[in-house]
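Here's the letter readout for the chains.
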Amino acid sequence: MRKKTLPLAAALLTSAVLALSACGGGSGDESSKPVDVQADAHSGRRALTVLDPPFTKPDLVLTDTHGEKYDLRERTKGRPTLLYFGYTHCPDICPLTMSNIAVAKKQLPKAVQEKLRVVFVTTDPERDTPAALGSWLRQQDPEFIGLTGKFATIQHAARQLGISIDPPKKEKDGTVVSTHGTEVVAFSPKSDGGYLLYHEDATVDDYTKDLPKIVQGQRP
Amino acid sequence: MAAPTAAAGARARVVALALAAVVGCGALAGCGGGSGADGTDGTGGRSGGQAAADTAARPHLRISGAFLPVPVTTGLAAGFCVVRNTGGADTLTSVTSDIADRVTLHRTRNGRMEMQDSFPVPAHGALDFSRGGNHLMFEQLTHKPKVGDTVTVRLHFRRSGTLTVKVPVRPATYNPGAGGAFGTPPDGAGSARTP
Ligand SMILES: [Cu+2]
């Protein structure tokens, strides 16, 4: 049994972020409270942290790529769901993450693919309009769901998952730079809890190996 | 849609540049060989005040593992490579490419990229552009390249001048640093070196 140090550190970091957000927030939302996140000591993979207890799915209502209201809890209830916070003017990790998931998803049987929900929430809502988000996501997978809305709403939801994002900021040369989350959260179709955290170095192989388990709510 | 003639012209120019670089530096350096061997270069007569020697010593740069993940749109692409240096310190000051009007240098920290004016290439060290870390950012692409295409990228160094790399376009999921299914690319793809 290999001891894994990296995810543990990541989990500790996650707890720290949660603790911070709870101090700052005072929103009265019970899911903002610090969660005692524990890394699974037996998964032996640095790109993955198993969360026990799992994250509560954020109560997040935003606008989808068709310009319609999208209630995350309602629409993904009982569905295996992957949730990521990123932006389309992102050259590296955001397209990498979505492509990894897209390629892995295509290897599932068609009927299983239809159950899976992949949700990309923008961290740059000003530039990522429903239309912009839609055309970018369609290049990855036409079934991917893109959500946009008020930055504060998005940031609050991300915090509940231990993901820290800052508002887009103007660089000295006038270009706008946003932050992306560094984790993908997988929610179980059985409990609707966020029970797996994939770090940014998760590969297409990691997702390919794990998606068949995730769609059943099992631990990879 | 790049006209084939334009592309051919660009290619010819690159070859000419590369040749010029080889000739120009060949005269300067008596160092020649050492091909392929990474890391230790014990041949240079380095003795005494190491730091001073490192600054004075001529940089020996070798670029390898360059790749450009196929971009989602023509708006933006990222490029990656490793610059290994077996000589004195140098600085990467800018990057140009025929695929983009503008290429900028970035590092990424906590999910946010930060533009840099230059990147140091330490003496007997390496400058690493890799997924989630530093990247070259190509903006306003002239066209959307396909997997298997090759993009010409020129890295301009303060002391070593310009190194031209033919950068292969890889699948969007390509991530050699993460120990996935992709091995080291066949030698020669995405490499360049000072002579
Ligand atoms: Cu960048």
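The rules we used
Residues numbered from 1 in each chain as written. Chains lettered and ligands numbered in written order. Predicted model: local features only at pLDDT ≥ 70, side-chain atom pairs only at ≥ 80, totals over all residues. Heavy atoms only, no water. Helix = DSSP H or I, 4+ residues; strand = E, 2+ residues; numbered from the N terminus. Buried < 20%, exposed > 50% of the residue type's maximum accessible area, 1.4 Å probe, protein only. Contact = heavy atoms within 4.5 Å. Areas by Shrake-Rupley, 256 points an atom, 1.4 Å probe, with all protein chains shown as cover. Donors = N, O, S within 2.8 Å, 3.2 Å for Na, K, Ca; no water. Buried area = accessible area lost by both parts, 1.4 Å probe. Salt bridge = Lys/Arg side-chain N within 4 Å of Asp/Glu carboxyl O. Phe/Tyr/Trp six-rings, centres within 6.5 Å; stacked < 30°, edge-to-face > 60°. Polar contact = N/O pair within 3.5 Å; in protein donor to acceptor, adjacent residues only side chain to side chain. UniProt positions renumbered as here; feature names shortened; annotations may be inferred.

## Notes on the overall build of chain A
Working step 1: Counting its regular elements, chain A contains 7 helices and 10 strands.
Working step 2: The proportion of buried residues among the 220 residues of chain A is 55%.
Working step 3: Pairs at least 24 residues apart make up 67% of the contacts formed inside chain A by residues separated by at least 6 positions.
Working step 4: Carbon and sulfur atoms make up 52% of the accessible area of chain A, which amounts to about 9800 Å² in all.

## Quick notes on the coordination of the copper ion
Residue and element names in this part refer to chain B.
Working step 1: Binding of the copper ion to the protein goes through Met-113 (SD), His-135 (NE2) and Met-137 (SD), at separations of 2.0 to 2.5 Å.
Working step 2: Binding-site remark: the copper ion is held by donors from one chain whose sequence spacing is M-x21-H-x1-M. Linking Met-113 in strand β5 (residues 112-116) with His-135 in strand β8 (residues 135-141), this pair joins segments that are 22 residues apart in sequence.
Working step 3: We classify Met-113 as buried; its relative accessible area is 6%.

## So, the interface of chain A and chain B
Accessible area lost on assembly of the parts is the figure often given for the size of an interface.
Working step 1: Listed per partner, the contact involves 33 residues of chain A and 30 residues of chain B.
Working step 2: Summing both partners gives a buried area of about 2200 Å² for chain A against chain B, and 57% of it is carried by carbon and sulfur.
Working step 3: If you sort the residues of chain A by the area they bury against chain B, Pro91(A), Asp92(A) and Leu96(A) come out on top, with a joint share of 24%.
Working step 4: Joining chain A to chain B, the criterion identifies 1 salt bridge.
Working step 5: Among the salt bridges present, the one from Arg131(B) reaches Asp92(A), with a minimum N-O distance of 2.9 Å.

## Observations concerning the packing of aromatic side chains
Working step 1: Taken as a whole, this structure holds 6 aromatic pairs over all chains when the rule is applied.
Working step 2: Note on Phe67(B) and Phe80(B): the rings are 5.1 Å apart at their centroids and 25 degrees apart in plane angle, and the pair reads as stacked. Note that Phe67(B) is positioned in strand β1 (residues 61-69) and Phe80(B) in strand β2 (residues 76-85), a separation of 13 residues in sequence.
Working step 3: Take Phe80(B): its relative accessible area is 1%, and that puts it in the buried class.
Working step 4: Aromatic side chains Phe119(B) and Phe129(B) sit 5.3 Å apart centroid to centroid with 80 degrees between the ring planes, which places their arrangement in the edge-to-face category. Remark: Phe129(B) occurs in strand β7 (residues 126-129) and Phe119(B) occurs in strand β6 (residues 119-121); sequence separation between them is 10 residues. Each member of the pair, Phe119(B) together with Phe129(B), is buried.
Working step 5: Through a chain of ring-to-ring contacts, three or more aromatic side chains come together here, namely Tyr84(A), Phe120(A) and Trp136(A).

## Description of the side chain of Thr88(A)
Working step 1: In this fold, Thr88(A) is placed in the loop between β4 (81-86) and α3 (93-105).
Working step 2: Judged by relative accessible area, which is 11%, Thr88(A) ranks as buried.
Working step 3: Polar contacts involving the side chain of Thr88(A) include one to the side chain of Asp128(A), which spans 2.6 Å.
Working step 4: If we skip the residues at most four places from it in the chain, Thr88(A) touches Asp128(A), Leu133(A), Trp136(A) and Leu76(B).

## A short note on the environment of Val169(B)
Residues and elements named next belong to chain B.
Working step 1: In this structure, Val-169 sits in strand β10 (residues 161-170).
Working step 2: According to the relative accessible area criterion, Val-169 is buried, its value standing at 3%.
Working step 3: The sequence separation of Val-169 and Thr-96 amounts to 73 residues, and the corresponding C-alpha distance is 16 Å.
Working step 4: The contact partners of Val-169, leaving out residues within four places of it in the chain, are Leu-68, Val-70, Pro-145, Lys-146, Val-147, Gly-148, Asp-149 and Val-151.

## Re the UniProt feature "binding site: Cu cation" (unreviewed entry) in chain A
Working step 1: The UniProt entry lists Cys90(A), Cys94(A) and His180(A) under the feature "binding site: Cu cation" (unreviewed entry), expressed in the numbering used here. A maximum C-alpha distance of 8.1 Å places the annotated residues, which cover 91 residues in sequence, within one compact spot.
Working step 2: Along the polypeptide, Cys94(A) turns up in helix α3.
Working step 3: Overall, Cys94(A) belongs to the buried group, its relative accessible area being 0%.
Working step 4: When sequence neighbours within four positions are dropped, the list of residues in contact with Cys94(A) reads Tyr84(A), Gly86(A), Tyr87(A), Phe120(A), Trp136(A) and His180(A).
Working step 5: By the element assignment, His180(A) lies in the loop between β8 (176-177) and β9 (183-187).
Working step 6: With residues near it in sequence (within four places) discarded, His180(A) still touches Tyr84(A), Phe85(A), Gly86(A), Tyr87(A), Cys90(A), Ile93(A), Cys94(A), Thr123(A), Ile165(A), Glu200(A), Thr108(B) and Gly111(B).

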